[in-house]
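# Coordinates in review
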Amino acid sequence: MSQNPSHAIPLHTLLGERYKVTASALETAEGDAVLEGKDQVLNRKVSIVVATPEHNDRLMTNARTLARNSRSTVQILDLGNTNGRTYLITSYSRSETLVENLLADSQVLAASSETQEALGQEIFGDEAHTGQNSHVSRSTRSDRSDRSSISATRDVEPEASVAAGSTTTAPAAMGAAAGAAGVGAGAAAAAGAAAHDEDPTETLAAGQDENEDYEYTDYDEYPEEPDFDDEDDRSRGGVLVVAIAAILLLVMGVAAVFANLNGMVDQDASNEAADVSDAYSTTPSPTAASSSASASPSPTPTQKPDAEITTASRVVPSNPNLMADQDQTLGQLTDGNPGTQWMSYGFGSANFGGLVSDFSLAFELKDKTTVSQLTMDQVGGSGGAFTVYTNDSASLDGATEVGSGSFSDPQVQTSLDTKKQGEGAKYVIVKFTEAPQQSQPIAGMPYGLRIAEVKASN
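Predicted model only: the values in this text are computed from it and were never measured. Here the residue numbers are simple positions, counted from 1 along each chain's written sequence. Whole-chain, interface and lining totals are the exception, using all residues; otherwise, since this is a predicted model, local features are given only for residues with pLDDT of at least 70 and side-chain atom pairs are given and counted only at 80 or more. Only hydrogens and water are set aside; all other atoms, that is, all heavy atoms of the structure, feed into the side-chain values.

This brings us to the pairing of strand β2 (residues 19-27). Strands were regarded as paired on the criterion that DSSP finds at least two bridges between them. To qualify as a helix, a DSSP run of H or I must reach at least 4 residues; to qualify as a strand, a run of E must reach at least 2; elements of each kind are numbered from the N terminus. Pairing of strand β1 (residues 14-15) with β2 involves two bridges; the strand directions are antiparallel. Among the inter-strand pairings, leucine 15 is bridged to a residue of β2, identified as tyrosine 19. Connecting the antiparallel pair β1 and β2 is a turn made up of three residues, with glycine 16 showing a positive phi of about 60°. Sheet topology places β2 next to strand β3 (residues 33-39); seven bridges connect them, and they run antiparallel. The residue of β3 that forms the bridge with serine 24 is leucine 35. Hairpin connection from β2 to β3: five residues lie between these consecutive antiparallel strands, with glycine 31 at a positive phi of about 105°.

Structure, rendered in structure tokens:
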């Protein structure tokens, strides 16, 4: 199988955030292609049909035709467009079959599909109203009347099995079985008559008359099935008793918990009253308090102000389109709301599934300044690795490495080297070299990033 990535969609491309291109299966002379892929969510192989721009309409029309054909062997899973090429995700099928069905002339495929549907209805009929093999039971009696005594003896067991396999109503099926038994009795009578020089046809006719009686036998003669209502009532009664006992135990447990809580509240109230009285007894006079305050004033701690971040952008030099559809949520990294978050793709391994070796997020500062600390609030990740750079542009070219870290806590604080920043920088860039493992998988994949807030401190 060819692995040449000369087609319009490169290998390892992730289509629709779900289907990964793994190999090239077939390329036609007109430029159409059939690729192999893998469903990242259900972990199954799929086929990918890629049409040239001239065949886009043909591919979409044929896909709709096959989707309406209930007897098609090709299952349509997804339809999309990338780099100006329309692609269709189908169940894993032979490449020649996909080309013949999806890239053929649309009118020819539509006519073939209608013919296939009409032929299926003609052969199988309306399956919603006709039971399978029901015509076999209706023709059993007429066929039986033409059989000889020898053929009746040989065909008794097949007749019974045909009647048992029919999906007609119960009376018809049981009547056919009884008819088979009648034929067997007639055959035996014919054999006995031949041994005593009697006419075997008369004996066989008697057997057929007995068959008629069996087919109209009243079902009241069969023994009735035992009634299990009494046992059901007893089992329901036992379940009800167990449920009532469980409810009573639950009520008693809740009452005991409330009693313990009331005792704890009363004890806490008495302790608080004792603490208040002790505080009043040990409180110094206002004169002493003022003299103490004037003698030793307490210092006020100073907090470093945050450097204001204006915008956030994605930097992936090796694959600029990777996660481009997630850019609309980049603003949630700096909106001050920890309930919102930016989320990357889900990956099957810590090296981003082999798609890229790393990717970065660049944060533009309102003013050029020196940044001493970077704080990231993340959700559910552990492990991974990242490096922090500063630069005057949103690029790693010429950037200065000022710190590094990993995801060990929900809030990750990274100290940055201010001496290396000189007079300051306009951008802070975080380069992720290893994806953390998520407690809650992203699109079924165990590795990825969920970042709620990013802050920079002077």
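Right, let's talk about the packing of aromatic side chains for a bit. Think of it this way: a Phe, Tyr or Trp ring, Trp meaning its six-membered ring, pairs with another when their centres are within 6.5 Å, and the plane angle makes it stacked under 30 degrees, edge-to-face over 60, tilted otherwise. Inspection of every chain in the model, using the stated rule, returns seven aromatic pairs. Between phenylalanine 352 and phenylalanine 359 the ring centres are 5.3 Å apart and the planes differ by 70°, which places this aromatic pair in the edge-to-face class. Partly exposed describes any residue whose relative accessible area lies between the buried limit of under 20% and the exposed limit of over 50%, with all areas from a 1.4 Å probe on protein chains only and scaled to the type maximum. For phenylalanine 352, a relative accessible area of 1% corresponds to the buried category. Summarising the aromatic geometry, the rings of phenylalanine 386 and phenylalanine 407 are spaced 5.3 Å apart at their centres and angled 55° between planes, so their arrangement reads as tilted. With a gap of 21 residues between them, phenylalanine 386 in strand β12 (residues 381-391) and phenylalanine 407 in strand β13 (residues 400-407) connect regions that are remote in the sequence.

Attention shifts here to the nonpolar core. The nonpolar core is taken to be a set of buried Ala, Val, Leu, Ile, Met, Phe, Trp, Tyr and Cys residues, with the residues joined through side-chain atoms within 4.5 Å. Leu333 and Phe432 are the most contacted members of the largest nonpolar core, which has 35 residues in total. Elements that contribute at least two residues to this core include exactly β8 (309-315), β10 (359-369), β11 (373-378), β12, β13, β15 (425-434) and β18 (450-457). A per-element tally of this core places β10 first, with four residues. The contact partners of phenylalanine 432, leaving out residues within four places of it in the chain, are Phe352, Asp358, Phe359, Leu361, Ala385, Phe386, Phe407, Leu449 and Ile451. Of all hydrophobic cores here, the second largest spans 12 residues; its members include Leu15, Tyr19, Leu35 and Ile89. By definition, residues are in contact when any of their heavy atoms lie within 4.5 Å.

Assignment of secondary structure puts threonine 414 in strand β14 (residues 411-415). According to the relative accessible area criterion, threonine 414 is buried, its value standing at 5%. Setting aside residues up to four positions removed in sequence, threonine 414 forms contacts with Ser372, Gln373, Leu374, Phe386, Val388 and Ser404.

This part takes up the side chain of threonine 390. Within the secondary structure layout, threonine 390 lies in strand β12. The class of threonine 390 is buried, set by a relative accessible area of 5%. Not counting residues within four places of it along the chain, the set of residues in contact with threonine 390 comprises Ala399, Thr400, Val402, Gln421, Ala425 and Tyr427.

Here the expected span of a helix is defined as 1.5 Å times the quantity of residues minus one. The terminal C-alpha atoms of helix α1 (residues 56-68) lie 19 Å apart, and with 13 residues this matches the ideal 18 Å at 1.5 Å per residue to within 8%. Within α1 the residues assigned to the buried category are Asn56, Leu59, Asn62, Ala63, Thr65 and Leu66.

Let us look at the pattern of salt bridges. Basic side-chain nitrogens of Lys or Arg form a salt bridge, by our definition, when they fall within 4 Å of a carboxyl oxygen of Asp or Glu. For the coordinates displayed, the defined rule picks out six salt bridges. With its nearest N and O atoms 3.3 Å apart, the salt bridge here joins arginine 44 to aspartate 39. Classification of arginine 44 by relative accessible area gives partly exposed; the value is 33%. Given a relative accessible area of 0%, aspartate 39 falls into the buried group. In this structure, the salt-bridge partner of lysine 368 is aspartate 392, at a minimum N-O distance of 4.0 Å. Of the two residues, lysine 368 is situated in strand β10 and aspartate 392 in the loop between β12 and β13; the sequence distance between them amounts to 24 residues. We classify lysine 368 as partly exposed; its relative accessible area is 48%. Under the relative-accessibility criterion, aspartate 392 is labelled partly exposed at 48%. Beyond isolated ion pairs, a larger network of salt bridges with shared partners links Arg18, Asp39 and Arg44.

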